[in-house]
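# Structural features, examined
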Amino acid sequence: MRWLQRLARRPMLVLAVAFVLLPLVVPYYALASHMLVFGLFASAFDLLLGHTGLLSFGHAAFFGVGAYTAALAAKLFDLPLLVCLLLGTAAAGLWGLVVGALALRQRGVAFAMLTLAFGQMIFFVVLQARGLTGGDDGLRGIPIRGLGVPGFEWRLDNSLHVYVFVAAAVWLALWALQRVLASPFGHVLEAIRENEVRARACGYDTVRVQLVAFVFSALFSGFAGALYTFTLYFVALETLHWTLSGYVALMAILGGSGTVFGPLVGAGVFILLRDIVSTFRDDWQLFVGAAFVLCVLLFPRGICGTLQDVLARRRAPAAELPAPAVAPTLARQPREG
Amino acid sequence: MTDTPAGAIGPATLKADGTGAPLLETRGLTHRFGELRVVCDVNLAIARGELRAVIGPNGAGKTTLLKLLSGELRPTSGRILFKGRDITGWPMHRVARLGIVRSFQITHLFPQLSVLENVRVAVQARHSTYNFWRRAEALPGVVERARALLEEVDLLPKAALPAGVLSHGEQRHLELAVALAAEPELLLLDEPTAGMSVEDTQATARLIRRLAERLTIVLVEHKMDVVMNIAQRIVVLHFGEVLAEGTPAEIRANEAVQDVYLGRGRAAGAGA
């Protein structure tokens, strides 16, 4: 077990190795790319759910805005890849600022419903703007991109190239994300998740901190969406559909909400399961749902969360064993003081 | 906001050794929940360095008064002045940054965070909120300050445990350390010994007396022996109104207070 603990101290290294090995064990490259893209999306989503204690139910909007913006930037203006990614990320962040500023007037279920409503707005706008977005046919005809770095013309025109690029980009984004989580700001988020009123009593402007967290989450979600565009050179309208908002919550909880890499693992398992089952059956949701129920029963704190508990229990002397922590509640109401 | 206090404030409200200008002052402070007046026309003047107790039967408005002072609630009318500044209606986090910090009656911690992190994040509020990049543990002086605070409340040996597993008495002490971390000038304590054993109560009373040497404290407390022992002045609230105010000896001798506490005739509250 000691080697496992030593590895746990260098998570980004473990992640890099896992990203190299992943395409060797997964049936095809494009699937591996999708596992990482949705892994980043779930991690960005969990910045709110697991680390700030906010359940957003409209996160597909940020993923979708990132995807569509990047796709349109490539298709209409023929911009280089990195610029497209940047624009997609920025657009999602901007939309996150708008939604966050309005939705954060509420907490709990009302907050979730507001984010859902804003997500649906974007969905119908994109559905109606058929001329620009292709409506429910999805956005097609995105030109193949190179990296756009002078002297290093490397075209993302086959699924291995795409995977290498996506893996590097997702690794960088996750590295940035875990730095944010370990930063002073990240610790304020954890404090707010634990007890918002107390955090306010400490002198933190909790609403503003939550808004900044919301924008961060939208930025990373948008980046994931923009990457998604270049895995298939096609954006499906489903990237904006509310079901994706549900799936991303499922991925995060399945893998372990509130852990650093749980959402990534959860997304990987989810995408893999969906891919395998849906080749045999149209009713894949039934099987993935059953697997989800099983996972929740076996791993009440998610795959990574439960694993962490087991490791911590082995390390801690039995006498000082802390009681197993409770899963973060989704909607924290301010308690009476 | 440096004009002299309104006539409502009697000369007895300033401490003999005080400089004259109170640290905290309320003028006609009133709070209504609908028709119910929970705090009614309260005028207080608390001198710097004072340890003031607020007592009163259940429902007298003590906790509401603390919520008003700390900015958690907005008063219906009346004003709050701190260091001569009108802070009426300020949000809680701004009041906290100015120097009024409140501890909670029901323990209000970050249960899943470690004991050290509970205090560390509170200390950090004085330093940095929007720092996204460096490691939180690397902020200069913050961890050291947090450890010193834990030492002060005798919790340093338990620094690594999650706050949720501490005993009740220990959580109350951690509660104090978290409040102190914000470096308040005025500390509002809401029943710091609630539910404590006799020994824990005594230890906490000693701690509060020690803190009073460098802080101004407003203490809401039910336990008469604690209050009578450590407070310099006492305010008695009854149905939201100030029933009496004075030194512990004066309060003990006050007939209206005896009536309220012995349950003789509630009408006493109206006459005060």
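Residues numbered from 1 in each chain as written. Chains lettered and ligands numbered in written order. Predicted model: local features only at pLDDT ≥ 70, side-chain atom pairs only at ≥ 80, totals over all residues.

## Details of the overall build of chain B
The following threshold applies: Strands here mean DSSP runs of E at least two residues long; helices mean DSSP runs of H or I at least four residues long; both are numbered from the N terminus. As a rule, residues whose C-beta atom has 12 or fewer other C-beta atoms within 10 Å are exposed, those with 20 or more are buried, and those in between are partly exposed; C-beta atoms are placed from the backbone.
On a plain count of helices and strands, chain B comes out with 10 helices and 10 strands. Looking at chain B residue by residue over its 272 residues, the buried ones come to 47%.

## Description of the overall build of chain A
Under the convention used in this document: Each radius of gyration is computed over the set of C-alpha atoms, and the globule rule expresses the reference value as 2.2 Å times the number of residues to the power 0.38. Placing a C-beta atom from the backbone of each residue, one calls two residues in contact when those atoms lie within 7 Å.
A count of helices and strands for chain A gives 15 helices and 0 strands. Taken over C-alpha atoms, the radius of gyration comes to 20 Å for chain A, in line with the 20 Å a tight globule of 337 residues would show. Structurally, chain A occupies a C-alpha span of about 60 × 45 × 45 Å along its principal axes. A total of 337 residues make up chain A; the buried ones form 49% of that total. The long-range fraction of contacts in chain A, counting pairs at least 24 apart against all pairs at least 6 apart in sequence, stands at 75%.

## Observations concerning the sheet that holds strand β10 (residues 241–246) of chain B
Residue and element names in this part refer to chain B. Cut-off, in case you're wondering: Strand pairing is defined by DSSP finding a minimum of two bridges between the two strands. Lines fitted to C-alpha atoms define the axes here, with helix axes fitted over just the stretch in contact, and angles between the N-to-C directions of these axes take values from 0 to 180 degrees.
Spatially, the 6 strands line up as an open sheet ordered β6-β7-β8-β3-β9-β10, and their pairing is mixed. Because the sheet does not close on itself, it has two edges, and the strands there are β6 (100–102) and β10. Here the strands of the sheet are splayed against their neighbours by 20 degrees on average, with no regard to which way each runs. Pairing of strand β3 (residues 51–55) with strand β8 (residues 216–220), which is carried by 4 bridges, proceeds in the parallel orientation. Bridge pairing links Arg 52 to Val 218 in β8.

## What about the interface of chain B and chain A?
Just so we agree on the cut-off: Here the nonpolar group is Ala, Val, Leu, Ile, Met, Phe, Trp, Tyr, Cys and Pro; Asp, Glu, Lys and Arg are the charged ones; every other residue, Gly included, is treated as polar.
Residue-level contacts link 34 residues of chain B with 28 residues of chain A. Secondary structure elements with two or more residues in the side of chain B that touches chain A: α2 (92–98), β6 and α3 (115–124) of chain B. Take the side of chain B that touches chain A: its biggest share by element is 4 residues, from α2(B). Broken down by class, the residue content of the side of chain B that touches chain A amounts to 21 nonpolar, 9 polar and 4 charged.

## Structural notes on unusual backbone geometry
With glycine set apart, most residues show a phi of negative sign, and most peptide bonds adopt trans. Residues and elements named next belong to chain A. A positive phi is found at Asp 78, a non-glycine position, where the angle reads about 55 degrees. Within the secondary structure, Asp 78 is located in the loop between α4 (60–77) and α5 (81–103). A residue is classified by how many C-beta atoms lie within 10 Å of it, and Asp 78, with 10 of them, is exposed.

## What to know about the nonpolar core
Selection rule: Throughout this description, the term nonpolar core refers to a group of buried Ala, Val, Leu, Ile, Met, Phe, Trp, Tyr and Cys residues whose C-beta atoms join them within 7 Å.
Grouped together as the largest cluster of nonpolar side chains are 182 residues, with contacts concentrated most on Phe41(A) and Ala177(B). Looking at which element gives the most residues to this core, the answer is helix α11 (residues 206–232) of chain A, with 15 residues. The residues contacting Ala177(B), other than those within four sequence positions of it, are Val119(B), Leu149(B), Leu150(B), Glu152(B), Val153(B) and Leu155(B).

## Some thoughts on the environment of Asn118(B)
Residues and elements named next belong to chain B. Structurally, Asn 118 can be placed in helix α3. For Asn 118, a count of 31 C-beta atoms within 10 Å corresponds to the buried category. C-alpha separation for the pair Asn 118 and Gly 89, spaced 29 residues apart in sequence, amounts to 28 Å. The contacts of Asn 118, once residues within four sequence positions are left out, are Leu 109, Phe 110, Leu 113, Ala 163, Leu 174 and Val 178.

## Side note on the confidence of the model for chain A
Defined as follows: One confidence number per residue, pLDDT, is output by the predictor and ranges from 0 to 100.
Taken over all residues, the pLDDT of chain A has a mean of 89, while the share at 70 or more is 93%. For residues 318–337 of chain A, every residue scores under 50 in pLDDT, and the model assigns this stretch 33 contacts once sequence neighbours within four places are set aside.

## Brief notes about the packing of helix α9 (residues 184–194) of chain A against α11(A)
All names here are of chain A. Heads up, the rule is: Each crossing is labelled by how the near helix is turned from the far one, with a counterclockwise turn of less than a right angle marking it left-handed and a clockwise turn marking it right-handed.
Relative to each other, α9 and α11 sit at 115 degrees, their axes nearing to 10 Å. Two packed elements cross with a definite hand, and for α9 against α11 that hand is left-handed. Across from Val 188, Leu 189 and Ile 192 in α9, the residues of α11 making contact are Thr 206, Val 209, Gln 210 and Ala 213. Of the residues that constitute the contact of α9 with α11, the class distribution is 5 nonpolar, 2 polar and no charged.

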